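# Structure at a glance
Here's the letter readout for the chains.
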Amino acid sequence: MDKFVIKGGRRLTGEVTISGAKNAAVAILPAVILSDEPCIIENVPSISDVNISLRILKEMGAEVTVLGKDSYRIDPTHINNFCVPYETARKMRASYYFLGALLGKFNKARVSMPGGCPLGDRPIDQHLKAFSAIGADYTLSQGMIDLRADKLTGSQIFFDVVSVGATMNAMLAAVKAEGLTIIENAAKEPHIVDLANFLNSMGGNIMGAGTDVIKIRGVERLHGTTYAVIPDQIEAGTFMIAAAATKGDVLIKNVIPKHLESITKKLEKIGVNIEQFDDSIRVWVDGPLVKTSVKTTPHPGFPTDMQPQIATLLTLAEGTSIVTEGVWEQRFRYVDELRRMGADISVDGKVAVIEGTGKLMGAPVKACDLRAGAALIIAGLAASGITEIEDIYHVERGYDCMEGKLRELGADIEKVSFPEEASDSEESSKKTAV
Ligand code: EPU
């Protein structure tokens, strides 16, 4: 087992380069299945969710060649296995993208139902609604979802809730369906646009991605392509907040500033200085941080995946801040850990009231999910004394060498291995991802 040990109180300064976006990569890698030729995917982050996606592709019969630190050649032409078993699927929630990709290519798929989730109820009814609309039948048995279609035909899909995953899965399944598919009430996140751009670069015909109506005219075949994944908006936002929390001065490179607008605006309200360039952003603090209110909503609103990090920053600001979670049922489980570090936060349902105390103290804490882990790292960097963070496998699912990048910025952070206790080893063998 590994943990992060952070000696807090150091200002972050210097430059950091952001990696490719996790939530785009975990859809684009399965999407390669739809191609009739090999594809080269670049700017792929080195994170465990990507490793699992690549492992699933290999288990299906795809040939994966490493071309460099962040680029891969994937040849899907010999895929002969259409099943993602529970043992693999439970490690990565986004394995549900194999449903859409396999269905779109082979008219069949068998993927384990995603398991429990620390963020609350996580149904996939909207994904199944999209598959049914274009002609697939599904059965659920023994924890597996089986999809079958004689033929996929374009159709109108109206989502009852705005869902990133269901929108991506509908695009994957419909890109080769005969005729026109119209997705209404679609999600608009940057990774939706990235997946559409990737599919179009293979010969797909998808219009309107990034708006709430997406139109897909089915094509007969998709060809090979070379494509670079967009920079990770949430990794960039996390470093912006880490810089602010330590009253540092950091140039964050390889970003698309437009994708960071909602985060930038909120940080400016809190008193953080931000200067935008073409593909980088400078963040620094030279005055007091002040209270604000934040509500998370689907893009272009403030992202839920930045909620734990900004709440942590607000514990360091003057005054009372309100943070409202508008996407997930339970995204305040990290609050108990922050309280152990001296934060004054009360939670009532989806609303947290933060009394800014201006300081945090180091403590032993546990990450309960990916962004909670990022928040605890930020807290540890800003706190006085030593913070030890356990269960960092959550962080490694989605951040490419977080501790190395922070060290380059002057942080005192180490990854330390420690022996598992008997009771913990049982727990860790049940590791389930979000
Ligand atoms: N929902 C339904 N039915 C569905 C699908 C979703 O009711 O069929 C509900 C969910 O319960 C939730 C809301 O719709 O309340 C939004 O869920 P969405 O489907 O948009 O989430 P997701 O696709 O499962 C992705 C990211 C999450 C991120 C959310 C929201 C990936 C792999 N995951 O999840 O990322 O929080 O969108 O932006 O893209 C993270 O990176 O830390 C993370 C959790």
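Preceding block: the structure.
Here the structure is a predicted model, which is why all the values come from computation and not from measurement. (Residues numbered from 1 in each chain as written. Predicted model: local features only at pLDDT ≥ 70, side-chain atom pairs only at ≥ 80, totals over all residues. Heavy atoms only, no water.)

Helix and strand content of the chain: 15 helices and 24 strands. Radius of gyration (C-alpha) of the chain: 21 Å, near the 22 Å computed for a compact globule of 434 residues. For the chain, the spread of C-alpha atoms along the principal axes amounts to about 60 × 50 × 45 Å. Looking at the chain residue by residue over its 434 residues, the buried ones come to 56%. Restricting to contacts in the chain with at least 6 residues of sequence separation, those with at least 24 account for 74%. Here the chain displays about 16,500 Å² of accessible surface, and carbon together with sulfur accounts for 48% of that area. (Helix = DSSP H or I, 4+ residues; strand = E, 2+ residues; numbered from the N terminus. Rg over C-alpha atoms; globule rule 2.2 N^0.38 Å. Buried < 20%, exposed > 50% of the residue type's maximum accessible area, 1.4 Å probe, protein only. Contact = heavy atoms within 4.5 Å. Areas by Shrake-Rupley, 256 points an atom, 1.4 Å probe, with all protein chains shown as cover.)

Both strand β20 (residues 344-348) and strand β21 (residues 351-356) contribute to a ladder of five bridges, which runs antiparallel. Looking at β21, one finds that Ser346 is bridged to Val353. (Pairing = 2+ DSSP bridges.)

Here we take up the sheet that holds strand β19 (residues 319-324). If you trace the four strands from one edge of the open sheet to the other, you get β18-β19-β21-β20, paired in mixed fashion. Across the chains shown, the open sheet's two edge strands, defined by having one partner strand only, are β18 (293-295) and β20. Direction aside, the axes of adjacent strands within the sheet are offset by 15° on average. Alignment of β19 against β21, held across six bridges, turns out to be antiparallel. Paired with Ile322 across the strands is Val353, a residue of β21. Sheet contacts for helix α10 (residues 307-314): β18, β19 and β21; angle to β19, the most-contacted strand, approximately 170°. (Axes fitted to C-alpha atoms, helices over the stretch in contact; angles between N-to-C directions.)

This part covers the layout of surface pockets. Of the voids in this model, the largest pocket is the one considered here, and its volume is about 1,100 Å³. If you trace the largest pocket, you find 49 residues lining it, with Arg122, Val164, Gly165, Val327 and Trp328 closest to the centre. Taken together, the elements giving at least two residues each to the lining of the largest pocket come down to α1 (22-31), α5 (125-133), α6 (164-174), α7 (190-201), α8 (233-245) and α12 (370-382). Along the lines of polarity and charge, the residues of the lining of the largest pocket split into 23 nonpolar, twelve polar and 14 charged. (1 Å grid on protein atoms, 1.4 Å probe; cavity = no way out; pocket = protein on both sides within 12 Å on 5 of 7 lines; lining within 4 Å. Points joined across faces, edges and corners; volume = space filled by probe spheres on them. Nonpolar A, V, L, I, M, F, W, Y, C, P; charged D, E, K, R; others polar.)

Neighbouring the ligand are 25 residues, the closest being Gln126, Ser163, Val164, Gly165 and Asp305. Taking Tyr96, its side chain carries an N or O atom lying 2.8 Å from an oxygen atom of the ligand. At a separation of 3.3 Å, an oxygen atom of the ligand approaches a polar backbone atom of Pro123. Relative to its unbound accessible surface of 830 Å², the ligand loses 90% to contact with the protein. More than half of the atoms of the ligand fall within 2 Å of the grid points belonging to the largest pocket. Its residues placed into classes, the shell around the ligand shows twelve nonpolar, six polar and seven charged. (Near = heavy atom within 4 Å. Polar contact = N/O pair within 3.5 Å; in protein donor to acceptor, adjacent residues only side chain to side chain. Sits in = over half its atoms within 2 Å of the grid points.)

A few words on the nonpolar core. Membership of the largest hydrophobic core comes to 77 residues, with the highest contact counts inside it found for Ile41, Ile74, Met171, Phe198 and Leu199. The contacts of Phe198, once residues within four sequence positions are left out, are Ile28, Ala31, Val32, Cys39, Ile41, Thr225 and Tyr227. (Core = buried A, V, L, I, M, F, W, Y, C linked by side-chain atoms within 4.5 Å.)

Burial runs high along strand β17 (residues 280-284): four of the five residues are buried. In the sheet, strand β15 (residues 249-253) pairs with β17 via five bridges, with the strands oriented antiparallel. Within β17, the position partnered with Ile252 by the bridge is Ile281. The hairpin formed by strand β16 (residues 273-276) and β17 contains three residues between the paired strands.

Moving on, we come to the pattern of salt bridges. Taken as a whole and judged by the stated rule, the model has 21 salt bridges. Of the charged contacts, one joins Asp400 and Lys69 as a salt bridge, the two residues approaching to 3.4 Å between their closest N and O atoms. With Asp400 in the loop between α13 (393-398) and α14 (402-408) and Lys69 in the loop between β4 (63-68) and β5 (71-75), the pair connects residues that are 331 residues apart, well separated along the chain. The partner of Arg90 in a salt bridge is Glu87, and the shortest N-O contact between them spans 3.4 Å. Of the residues examined, Arg90 reaches a relative accessible area of 13% and is grouped as buried. (Salt bridge = Lys/Arg side-chain N within 4 Å of Asp/Glu carboxyl O.)

A separate point is a nonpolar patch on the surface. A cluster of nonpolar side chains, Met113, Tyr138 and Leu140, forms an exposed patch at the surface whose accessible area comes to about 260 Å². Structurally, the position occupied by Tyr138 is in strand β8 (residues 137-141). The class for Tyr138 is partly exposed, based on a relative accessible area of 38%. (Patch = residues over 30% accessible without salt bridge, like charges linked within 9 Å, V, L, I, M, F, W, Y side chains within 5 Å.)

Buried residues dominate helix α4 (residues 97-106), accounting for nine of its ten residues. After α4 finishes, the residue Asn107 shows a positive phi value of roughly 65°.

Let us now look at unusual backbone geometry. With an omega dihedral of 15°, the bond running from His299 to Pro300 counts as a cis peptide bond. Relative to the assigned elements, Pro300 resides in the loop between β18 and α10. One non-glycine residue with positive phi stands out, namely Lys247, at about 55°. Locating Lys247 in the fold gives a position in the loop between α8 and β15. At Asp391, a position not held by glycine, the phi torsion is positive, near 60°. Relative to the helices and strands, Asp391 resides in the loop between β23 (386-390) and α13.

Summed over all chains, the structure comprises four aromatic pairs. Relative to Tyr97, the ring of Tyr96 lies with its centre 5.0 Å away and its plane at 90°, an arrangement referred to as edge-to-face. Here Tyr96 falls in the buried class, since its relative accessible area comes to 11%. On the basis of an interplanar angle of 65° and a centroid distance of 5.4 Å, the ring pair of Phe198 and Tyr227 is categorised as edge-to-face. With Phe198 in helix α7 and Tyr227 in strand β14 (residues 226-228), the pair connects residues that are 29 residues apart, well separated along the chain. By the burial criterion, Phe198 is buried, and Tyr227 matches it. Its guanidinium or amino end placed over the ring of Phe418, Lys3 lies 4.8 Å from that ring's centre, counting from NZ or CZ. Above the ring of Trp284, the side-chain terminus of Arg282 is found at 3.7 Å from the ring centroid. (Phe/Tyr/Trp six-rings, centres within 6.5 Å; stacked < 30°, edge-to-face > 60°. Lys NZ or Arg CZ within 6 Å of the ring centre and 35° of its normal.)

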